[in-house]
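In case you want the letters, here they are:
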Amino acid sequence: MMQTEQVWAEPWKIKVVEHLRMTTQEERQAAIAEAGYNTFLLPSRQVYIDLLTDSGTTAMSDVQWAGLMRGDEAYAGSANFERFERTVREYYGYKHVIPTHQGRGAEHILSRLCIRPGDIVPGNMYFTTTKLHQELAGGTFEDVIVAEAHNPDSEFPFKGNVDLRKLEHLIARVGAEKIPYLSLETNVNMAGGQPCSLENIHATCDLCHRHGIPVYLDATRAVENCYFIEQRESGQSGRPLAEILREICDRTDGCTMSAKKDALVNIGGFLALNDDALAEQARNTVVIYEGLHTYGGMAGRDMEALAIGIEESVDWQHQHARVGQVQYLGQRLIEAGVPIVRPIGGHGIFINAVDFLPHIPREEFPAQALTAALYIDSGVRAMERGAVSVGRDAAGKNIYPSLELIRLTIPRRVYTQAHMDVVVDSVARLHRRAEQIGGLRFTYEPRYLRFFQARFEPCQGTSVLREL
Ligand SMILES: *Cc1c(COP(=O)(O)O)cnc(C)c1O
């Protein structure tokens with residue numbers, strides 16, 4: 001196995017290139033104002049290095065592209081479904097596989113079938129779409145992640161862990177019958193791509209199962225979590241990632257999966273279950289919202305690429321380079337004195353906007369302002385993960401989470417180390433002139449998942465980034 005202290009490079013070479021468009025600062029200033037200071041509303045042709053998300057932005061391999069040509073676009077019973085189903089069963093180990101167009105399609109079906117009004121759904125930190133589907137089904141999300149996850153300066157190696165005492169208290173308080181399942185996320189996205197330990201996953205499943213509560217894995221970044229387990233957990237070093245993945249899945253009762261992350265495809269997802277009766281209901285529900293139970297919103301070729309992507313995702317060299325690129329970017333930002341969430345996570349770098357912009361009050365959304373300023377400075381597109389993403393409470397008041405972050409998310413196999421250097425250069429420059437960045441206020445606020453479509457204006461002057 002490759003030693004980390006050795007110089008290493010990506011385990012692939014470039015076969016096809018996609019040209020990037022350079023813009024001037026004036027063009028970017030106009031573009032972000034036009035986009036209401038929301039990077040989700042920028043056209044991609046105005047973006048230089050796109051770190052908005054790692055979702056569906058993967059570069060597929062030549063093998064996956066070849067797989068696209070083998071698409072069997074039969075309406076029912078496509079050969080690609082058979083391969084996809086076989087592959088999910090082999091690597092994730094669940095009995096029933098229900099394809100969906102992406103992760104939230106699986107979350108919708110699981111929430112709709114399992115949650116009754118008044119139910120409580122515990123999870124190790126919320127994810128936007130997961131929580132909303134739980135709420136739309138009448139449930140309430142309850143955070144049971146360890147306290148370290150909410151502290152951006154804690155170096156705890158498994159910040160994704162469930163706080164077992166918190167979970168035990170919750171079960172005692174509301175009763176197991178009010179808890180339809182626990183949603184266990186691996187490499188917790190909103191905590192900064194932080195892993196759960198294998199030991200904690202076992203303990204969490206033990207506790208839930210003792211109370212008759214099923215555990216459904218949010219397996220979106222489970223393989224990246226396995227890499228951290230292999231690197232950090234005692235007794236796990238050198239173990240094949242596929243073996244660790246099966247150990248995690250074998251303990252849980254099913255999973256929802258956004259294949260747009262770990263599984264190296266541009267679109268796709270699935271719901272996987274062990275319970276025969278629930279799987280039958282899910283197969284019947286998927287035809288209403290997604291498509292027939294042998295395609296669920298994906299084309300035959302998509303399912304072929306997804307099956308190949310799963311096989312590629314458990315390769316240690318791939319994860320070493322994927323997570324390694326994130327570590328490189330994070331390390332360089334730490335060296336430049338930029339406040340980021342530590343330890344460095346698996347899919348992106350999370351900059352602490354409160355420390356970066358201490359002069360901007362929380363009511364003026366410092367993280368949202370920082371994403372806009374970064375775009376203006378260099379054309380790098382990041383995403384807000386703070387108060388705007390969390391939304392309002394039941395009384396309509398803004399929630400101000402302990403983590404007010406911007407996320408620089410690294411697409412898989414897309415950018416080179418040189419692109420990472422450009423990002424470091426821009427973030428470090430903004431850090432030196434942070435006092436020139438000003439806050440934002442809403443001009444339009446949509447009702448659901450407001451961060452996607454909200455619009456803002458600068459609180460002072462005509463730009464969030466004042467000139468020198
Ligand atoms: C992306 C994501 C989802 C939702 O998946 P989509 O494919 O975007 O619908 C769910 N959970 C986590 C942790 C995610 O990162």
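Everything numeric here is computed off the predicted structure, so don't read it as measured data.

Some details on unusual backbone geometry
Going from Arg342 to Pro343, the amide bond is cis rather than trans, its omega being -10°. Tracing the backbone through its elements, the reader meets Pro343 in the loop between helix H12 (316-335) and strand S9 (348-352). A positive phi angle, close to 55°, is found at Tyr37, a residue other than glycine. Within the secondary structure layout, Tyr37 lies in the loop between helix H1 (25-34) and strand S1 (49-50). We classify Tyr37 as buried; its relative accessible area is 4%. Within the chain, Leu449 stands out as a residue other than glycine whose phi angle is a positive 40°. Mapped onto the elements of the fold, Leu449 is located in the loop between strand S13 (440-444) and helix H17 (450-453). On the basis of relative accessibility, which here comes to 21%, the residue Leu449 falls in the partly exposed class.

Quick word on the nonpolar core
Counting 57 residues, the largest nonpolar core has Phe84, Tyr92, Leu245 and Phe270 as its most contacted members. For this core, the element with the highest residue contribution is helix H8 (residues 222-232), accounting for 6 residues. In this view, Leu245 contacts Tyr91, Tyr92, Ala222, Val223, Cys226 and Val314; residues no more than four positions away in its chain are not counted.

Some words on the sheet that holds S9
The strand order across the open sheet formed by 3 strands is S9-S12-S11, and the pairing between neighbours is antiparallel. Lying at the two open borders of the sheet, with one neighbouring strand each, are S9 and strand S11 (383-385). Direction aside, the axes of adjacent strands within the sheet are offset by 35° on average. The sheet contact formed by S9 and strand S12 (residues 405-409) spans 5 bridges and is antiparallel. The residue of S12 that forms the bridge with Ile351 is Ile406.

A word on the site of the ligand
The immediate surroundings of the ligand are formed by 14 residues, with Arg104, Asp218, Arg221, Ser258 and Lys261 found nearest. In this structure, Asn189 approaches the ligand through a side-chain N or O atom, which is 3.0 Å from an oxygen atom. In this structure, Lys261 approaches the ligand through a side-chain N or O atom, which is 2.9 Å from an oxygen atom. Classifying every residue of the shell around the ligand by side-chain character gives 1 nonpolar, 6 polar and 7 charged.

Examining the packing of aromatic side chains
The full count for this structure, using the stated rule, is 13 aromatic pairs. On the numbers, 6.0 Å between centres and 70° between planes, the contact of Phe365 with Phe456 is edge-to-face. Of this pair, Phe365 sits in the loop between helix H13 (353-356) and helix H14 (366-378) while Phe456 sits in strand S14 (residues 455-458), placing them 91 residues apart in sequence. Taking the relative accessible area as the measure of exposure, Phe456 reaches 4% and is therefore buried. Joined through ring pairs, the aromatic side chains of Phe81, Phe84, Tyr92 and Phe270 make up one cluster. Note that Lys131 overlies the ring of Tyr126, its terminal NZ or CZ placed 5.4 Å from the centroid.

Considerations on the packing of helix H3 (residues 79-91) against helix H9 (residues 241-251)
In the contact formed by H3 and H9, the axes pass within 8 Å of each other and the chain directions differ by 85°. Put simply, H3 runs roughly perpendicular to H9. Each of Arg89, Glu90 and Tyr91 in H3 lies in contact with H9, whose residues at this interface are Ala242, Leu245 and Arg246.

Things to note about a nonpolar patch on the surface
Together, Val287, Ile288 and Tyr289 make up an exposed nonpolar region whose accessible area comes to about 280 Å². Residue placement: Val287 occurs in helix H10 (residues 276-289). The class of Val287 is partly exposed, set by a relative accessible area of 38%.

Quick word on the domain arrangement of the protein
Domain parsing of the protein yields domain 1 (25-54 + 316-458) and domain 2 (62-313). Distance from the C-alpha centre of domain 1 to the C-alpha centre of domain 2: 26 Å. Taken together, the 32 residues of domain 1 in the interface contact 39 residues of domain 2. The junction of domain 1 with domain 2 conceals about 2,800 Å² of combined surface from both sides, 54% of it contributed by carbon and sulfur atoms. Our count for the domain 1 to domain 2 interface comes out at 5 salt bridges.

Some points on the state of the cysteines
A complete count under the given rule lists 0 disulfides for this structure. Between Cys208, a cysteine without a disulfide, and Cys205, which holds the nearest cysteine sulfur, the sulfur-to-sulfur distance is 6.8 Å. A relative accessible area of 1% means that Cys208 is categorised as buried.

Some words on the pattern of salt bridges
What the rule picks out here adds up to 28 salt bridges. In this structure, the salt-bridge partner of Arg239 is Glu247, at a minimum N-O distance of 2.7 Å. Judged by its relative accessible area of 18%, Arg239 is buried. In this structure, Asp377 and Arg429 form a salt bridge, with 2.9 Å as the shortest nitrogen-oxygen distance. In this pair, Asp377 sits in helix H14 while Arg429 sits in helix H16 (residues 417-432), placing the two residues 52 residues apart along the sequence. Through salt bridges that share partners, Asp54, Arg221, Glu224, Arg322 and Arg412 make up one connected network.

Notes on the pairing of S9
Of all the 5 residues making up S9, 5 are buried; the element is thus mostly covered by neighbouring parts of the structure. Residue alternation in S9 divides its side chains into two sets, Gly348, Phe350 and Asn352 and Ile349 and Ile351, and both sets are buried.

Reading the values: rules and limits
Residues numbered from 1 in each chain as written. Predicted model: local features only at pLDDT ≥ 70, side-chain atom pairs only at ≥ 80, totals over all residues. Heavy atoms only, no water. Helix = DSSP H or I, 4+ residues; strand = E, 2+ residues; numbered from the N terminus. Buried < 20%, exposed > 50% of the residue type's maximum accessible area, 1.4 Å probe, protein only. Core = buried A, V, L, I, M, F, W, Y, C linked by side-chain atoms within 4.5 Å. Contact = heavy atoms within 4.5 Å. Pairing = 2+ DSSP bridges. Axes fitted to C-alpha atoms, helices over the stretch in contact; angles between N-to-C directions. Near = heavy atom within 4 Å. Polar contact = N/O pair within 3.5 Å; in protein donor to acceptor, adjacent residues only side chain to side chain. Nonpolar A, V, L, I, M, F, W, Y, C, P; charged D, E, K, R; others polar. Phe/Tyr/Trp six-rings, centres within 6.5 Å; stacked < 30°, edge-to-face > 60°. Lys NZ or Arg CZ within 6 Å of the ring centre and 35° of its normal. Parallel < 35°, antiparallel > 145°, perpendicular 65-115°, else oblique. Patch = residues over 30% accessible without salt bridge, like charges linked within 9 Å, V, L, I, M, F, W, Y side chains within 5 Å. Areas by Shrake-Rupley, 256 points an atom, 1.4 Å probe, with all protein chains shown as cover. Salt bridge = Lys/Arg side-chain N within 4 Å of Asp/Glu carboxyl O. Domains from an automatic or database assignment. Buried area = accessible area lost by both parts, 1.4 Å probe. Disulfide = S-S within 2.5 Å.

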